[in-house]
Each structure stands twice: as C-alpha cells, then as structure tokens.
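A closer look at the structure
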Amino acid sequence: MATTVWKGHLTFGLISIPIRMFAAARGERISFNQLHKECHSRLRQPLFCPTCNRNVERSEIVKGYEYEKDQYVLFSEEELDKIEPPSAHVMEILEFVKLSDMDPLYFDSSYYISPEDAGLKAYHLLMKAMEESGYGAIAKLTMHQREHIVIVRPGTHGLTLHTMFYSNEIRAAEVLSTDKIELREQEKTLARQLIQSLAVDWEPQKFRDQYMENVRSMIDAKLKGREVTEIAQPHMAPVIDLMEALKKSLAEKQTPAAASATPVGKKPPVRALEPVPAVRKKSGKKAS
C-alpha cells in the first residue's frame, strides 16, 4: 500500500468522512553524485558545528528562526505541534466552485483521497454529486508545517486532491498588447484546421522523457566503452509569411512523408553507438 501522507476527516455540512491521502504522482529523475576529480571518491556534506568543532547527529538539531544577524528564536517539534490549526486533522469544505472556472496555474501537487470503511457511502455520495454537477470542493489542509488551500475533485477511480498556490504566490504575467494585431479570417480558418489535424484523444502513456532516456543511453555507453552519437537539433527558421507557413504545415500533415514510411518486414533504424578505442588502465589508478 502507498504511504499515507495525511490522515483525518473530510467534512461538508454535518457529514464527516474519515479519509487517508496518498501522493498521486512522483517525479523520476536520474541523479548524479559529486565526486572528487582526483580520486573519484564521493564527496560528503556532514552536519558540522563550527563552535563545537565537531559533526552533530540529527537528534541534536532544533529549529530556529533568525530574527537578527546570528540571533535565533528556537522551537521544538512539540511547540510547533501546539499551534497547528484545526485543518491539521479536519479538512472542512468551505465552498464549491465550477471546475471549468479553475485556472490550472494554481495547481501544485496531486494526491489521491481514499475513504475509511466507516465513510464509504458518504465518500461516494460526495463524489457522484460533484461528478453530476461539475463542481469541485475548496478546502483547507495543514500538512508538512504549512496550511494549504486545496481543490477536491472527482477522478477516474475516486476523489483527487490538488494543493494550490495562494494568489500572492502567482507571479504576474507580462501584459501583452494585442490591440493593434489584426488577424484575417483565412488565417484563423487555417489555424483551426491545423489544430484539428493534430487533435487526438489524450493518451498520457505515449509520452516519455527523452532527455532521461538519452542520459541512460549515455551511462550504458560509457560502461561499455562507447560514446553516444550527438542528437541532431532542429533549425528554427523565422516565419516570414504566416499564411504560407500555415498552408505548408497543413500540407505536411495531410500528405504522409515518404521518408517516414518503414518498408514491410524491415526494422526501423536504431541510433548507433560508435565504439571508441579502448583505454589502457594505468597502474595504481582506478578505471572510471
């Protein structure tokens, strides 16, 4: 079972639903360690106290707020627990808003909400009511020493929760003046046609992180004494004639390129890994 990140009650009106929350997504990245260039040893960053001139254990750490230069107000975990607001244990729905009115710019992290057995019926009642009405629930939730504003909405397999940025955390966008830009009806028609030619059903599983795959290939190539062929970068030419660019874009989408067709019975080309001359190990040195 996934790790519970929050446990409490979701309430609306006089109805209380015991729930658990789980992280709905987790980023995947390839991380590199910092090594000493001379001996390839991994560098460490121990917790070091310059006054006591020694490393310290995590059990010796307290939290402090610097109110003046090198002057701190100290806090223990017990003291921080005392000031937790009610939203640390009860997520009360404050209002309902149309999901179509929500700007995704405010969305931060995503979580799944799972009901305890005692709240199963009320959970499904709330989810179905929101599904049929098109509304999402706005609530407050405290976790990880911060009170979040959240949106709860019906998902494919249950309720989904998104923590949101507060309005003061959203950076103002640069105002673009478009009053003097005139668009011809033919340009808009071609643009709509181009959009329609690229329109498909949403299939998130077909997308992947090409950069991370290239890093994995490079790691594998280096382990085998090879190097990866450099990726060709597209040449972006400036658009001189918007109408002509739209027409060419549509023509390319409507006419399959002969070069992209793969003959029957023939495997598609694979990027080659060019071998490099083997490097002789020097005595007394590690091989990287």
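Each chain carries its own residue numbering, running from 1 in the written order of its sequence. Residue-level local features of this predicted model are given only where pLDDT is at least 70; pairs of side-chain atoms are given and counted only at 80 or more, and the full residue set underlies all totals for whole chains, interfaces and linings. Each side-chain value is worked out from all heavy atoms of the structure, with water and hydrogens disregarded.

Below, the discussion takes up the overall build of the protein chain. When you go through the protein chain residue by residue, the secondary structure sums to five helices and 13 strands. Classification of the 288 residues of the protein chain by burial places 19% in the buried group. When checking whether two residues touch, look at their non-hydrogen atoms; a contact exists if any pair is within 4.5 Å. Intrachain contacts of the protein chain at a sequence separation of at least 6 include 62% that bridge at least 24 residues. Each helix is a run of DSSP H or I of at least 4 residues and each strand a run of E of at least 2, with the numbering of both proceeding from the N terminus. A 1.4 Å probe rolled over the protein chains alone gives each residue an accessible area, and that area as a share of the maximum for its type sets the label: buried under 20%, exposed over 50%, partly exposed in between.

The subject of this paragraph is the pairing of strand β10 (residues 146-154). Only strands joined by at least two bridges in the DSSP assignment are considered to pair. With seven bridges connecting them, strand β9 (residues 135-143) and β10 associate as antiparallel partners. Each bridged residue has a counterpart across the sheet, and for Ala139 the counterpart in β10 is Val150. The loop that links β9 with its antiparallel partner β10 comprises two residues; one of these, His144, has a positive phi angle of about 55°. Relative to strand β11 (residues 159-164), β10 runs antiparallel, the two being bridged by six bridges.

This next bit is on the sheet that holds β10. Around the barrel, seven strands lie side by side as β1-β2-β8-β11-β10-β9-β7; this closed barrel has mixed pairing. Strand-to-strand twist of the sheet, defined as the mean angle between neighbouring strand axes without regard to direction, takes the value 40°. As judged from the eight bridges shared by strand β1 (residues 4-12) and strand β2 (residues 15-23), these two strands associate in the antiparallel manner. Note that in β2 the partner of Phe12 across the bridge is Ile15. Inter-axis angles, ranging from 0 to 180 degrees, are taken between N-to-C directions of lines fitted to C-alpha atoms, where helices are fitted over the stretch in contact. Lying over the sheet, helix α2 (residues 120-133) contacts β1, β2, β7 (90-98), β8 (107-115), β9, β10 and β11, oriented at roughly 70° with respect to β10.

In plain words, nonpolar cores are sets of buried Ala, Val, Leu, Ile, Met, Phe, Trp, Tyr and Cys residues tied together by side-chain atoms within 4.5 Å. Counting 23 residues, the largest nonpolar core has Met21, Met91, Leu159 and Leu161 as the members making the most contacts within it. Those elements that provide at least two residues to this core are β1, β2, β7, β8, α2, β9, β10 and β11. Looking at this core element by element, the count peaks at five residues for α2. Residues within four places of Leu161 in sequence aside, it is in contact with Met21, Met91, Ser109, Ser110, Tyr111, Ile113, Leu141, Val150, Ile151 and Val152.

We now examine the confidence of the model for the protein chain. Looking at any residue, its pLDDT shows the predictor's confidence there, from 0 to 100. Taken as a whole, the protein chain shows an average pLDDT of 83; of its residues, 86% reach a score of 70 or greater. Mean pLDDT per element in the protein chain: strand β13 (residues 273-275) is the minimum at 41, and β11 is the maximum at 96. Residue range residues 257-288 is modelled with pLDDT below 50. Its contacts to residues more than four positions away, or to other chains, number 19 contacts.

Further remarks concern the state of the cysteines. Here is the idea: a disulfide is a covalent bond, and it sits between the sulfur atoms of two cysteines. Sulfur atoms of two cysteines make up a disulfide when they are within 2.5 Å. Counted by the stated rule, this structure contains zero disulfides. Between Cys49, a free cysteine, and Cys52, which holds the nearest cysteine sulfur, the sulfur-to-sulfur gap is 3.8 Å.

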